[in-house]
Amino acid sequence: MRFSEATGRKIVSTTSAETVGKIGGFVVDPQRRAVVALECKKTDSGDILLWSDIVGFGADAITVNDAGAITEAPAGIDTLLGKVHHLLGKRILSSTGDELGKVDDVEFDPESGVVEALIYAEGRIAGARLIGVGSYAVVVAHG
Amino acid sequence: MSRLMRTSELHKRPVVTMGGEDVAQIKDVVFAAGGGAVGGFTLAGRGLFSGPSDRGLLWSTVAAMGSDAVMIDDESALGSSESVLDASAGSGGSGGDVIGSQALTDSGVDLGKVIDVIIEVQGPRGGQCNVIGYEIEASEAVGTKGTRVLIPLPDTLAVSGDHLMLPAAAKDFVSQDLAGFGAAVEAFRDHLSQGR
């Protein structure tokens, strides 16, 4: 699944059957090369949903046990939040110091959250090559 | 894998950590080993949170030099500009500022004025960064006066503030662009070693 497809998808509580929010963005931990949380919009409480609190990542909705799963950013995640750590639109640098392009989209596994590939103008870069995500660039291992 | 670059292109090139942060940019190239190698760089700050301005980067802590960025592992690779200059002095000095010098052959022919320094980056990581040639604004002796040509350097050379001494054969190994220059440098050095 791609970030572009999943953004805006509704988040539904299995307890109350109510929509408790929408996906606003993705929190990626470059060291684990995986999505570790979702940034949520239109919620009552906080704006972070940990990947481990997702019950199902479906084609039409993401399900959680109840609205309480969406909280303020817990420690460990807070350092990965914000535009600095977003991948979309950022320049891609290889570890040899050469610019490859810009991140157009990201493919991830909806089961595990593992980043499978970065999509850019010239194709795809395997997620396993991801090294770091900072304010200036997404750094990938030289392929 | 090695690649050739003009040192003038390095000015303002961002220094980026593997974590994707641009922590500085190159201000000046500091030569070492009497001008035969790049010892490191003095740095300028970047952006709003540019940090102290007298920082430097030793070549030995550079992870990779690319065409768009200088890669380092993290900010601990940065030191003071002083330490880079000291290391250069300890290795035989920077060789002085060669830009603007007149390139003379040992037979006394003026080849032209030095306008840029060509380096060969070996690596990534652990490789040397050697000065292998100069770009000169050619005199009539080399070709059309005023055109820019690349001229290879021997392993060792004599340079003063005014002149750069080259073996006479250097002018037979000039290139018009970087693409063929690596081969020309090799051919030139082979030629010199056979002559000894």
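Scroll up a little and you will see the structure.
Here the structure is a predicted model, which means the values were calculated and not measured.

1. Remarks on the interface of chain A and chain B
In this assembly, 16 residues from chain A lie in contact with 17 residues from chain B. Only strand E8 (91-94), strand E13 (130-133) and strand E14 (138-140) of chain A provide two or more residues apiece to the side of chain A that touches chain B. The element that contributes the greatest number of residues to the side of chain A that touches chain B is E13(A), accounting for three residues. Partitioning the side of chain A that touches chain B into residue classes produces seven nonpolar, seven polar and two charged.

2. Thoughts on the sheet that holds strand E9 (residues 99-102) of chain A
All names here are of chain A. Read from one edge of the open sheet, four strands run E9-E8-E14-E13, paired in mixed fashion. In this open sheet, the two strands that pair with only one neighbour each are E9 and E13. Taking each pair of neighbouring strands and ignoring which way they run, the sheet shows an average axis angle of 25 degrees. Sheet topology note: the E8/E14 ladder contains three bridges and is parallel. From the neighbouring strand, Ser 94 faces E14, where its bridge partner is Val 140.

3. With respect to the sheet that holds strand E11 (residues 115-120) of chain A
Residue and element names in this part refer to chain A. In space, the three strands of this open sheet follow the order E10-E11-E12, with antiparallel pairing throughout. Because the sheet does not close on itself, it has two edges, and the strands there are strand E10 (105-108) and strand E12 (123-126). The average undirected angle you get between the axes of adjacent strands in this sheet is 25 degrees. As paired strands, E11 and E12 are joined by four bridges and run antiparallel to one another.

4. Here's the deal with the pairing of strand E11 (residues 129-138) of chain B
All names here are of chain B. Most of E11 sits out of view: eight of its ten residues are buried. One ladder, built from nine bridges, connects strand E10 (residues 110-122) with E11; its direction is antiparallel. Pairing of Lys 113 across the sheet is with Glu 137, part of E11. As paired strands, E11 and strand E12 (residues 148-152) are joined by five bridges and run antiparallel to one another. Across the sheet, residue Glu 135 finds its bridge partner in E12, namely Leu 150.

5. A few points about the environment of A:Gly56
Turning to its location among the elements, A:Gly56 is positioned in strand E5 (residues 54-57). Sequence-wise, A:Gly56 and A:Pro30 are 26 residues apart; in three dimensions their C-alpha atoms are separated by 23 Å.

6. Side note on unusual backbone geometry
Phi angles above zero are rare outside glycine, and A:Ala17 is one such case at about 60 degrees. Structurally, A:Ala17 can be placed in the loop between strand E1 (10-13) and strand E2 (19-29). Residue A:Ala17 is classed as exposed on the basis of its 8 C-beta neighbours within 10 Å. Non-glycine residue B:Lys12 carries a positive phi angle of around 75 degrees. Within the secondary structure layout, B:Lys12 lies in the loop between strand E1 (2-6) and strand E2 (14-17).

7. With respect to the nonpolar core
Ranked by size, the top nonpolar core spans 92 residues in total, and within it A:Leu49, A:Val138, B:Val15, B:Ile119 and B:Ile151 carry the most contacts. The leading source of residues in this core is strand E3 (residues 22-32) of chain B, at seven residues. With near-sequence residues (within four places) excluded, B:Ile151 lies in contact with B:Ala103, B:Leu111, B:Gly133, B:Tyr134, B:Ile136, B:Ala170 and B:Val174.

8. Concerning the environment of A:Ile54
Residue and element names in this part refer to chain A. Relative to the helices and strands, Ile 54 resides in strand E5. For the pair Ile 54 and Ala 34, spaced 20 residues apart in sequence, the C-alpha to C-alpha distance is 14 Å. With residues near it in sequence (within four places) discarded, Ile 54 still touches Leu 49, Ile 62 and Val 64.

Calculation criteria
- Residues numbered from 1 in each chain as written.
- Chains lettered and ligands numbered in written order.
- Predicted model: local features only at pLDDT ≥ 70, side-chain atom pairs only at ≥ 80, totals over all residues.
- Contact = placed C-beta atoms within 7 Å.
- Helix = DSSP H or I, 4+ residues; strand = E, 2+ residues; numbered from the N terminus.
- Nonpolar A, V, L, I, M, F, W, Y, C, P; charged D, E, K, R; others polar.
- Pairing = 2+ DSSP bridges.
- Axes fitted to C-alpha atoms, helices over the stretch in contact; angles between N-to-C directions.
- Buried ≥ 20, exposed ≤ 12 C-beta atoms within 10 Å, placed from the backbone.
- Core = buried A, V, L, I, M, F, W, Y, C linked by C-beta atoms within 7 Å.

What is shown is where atoms sit, not what they do.
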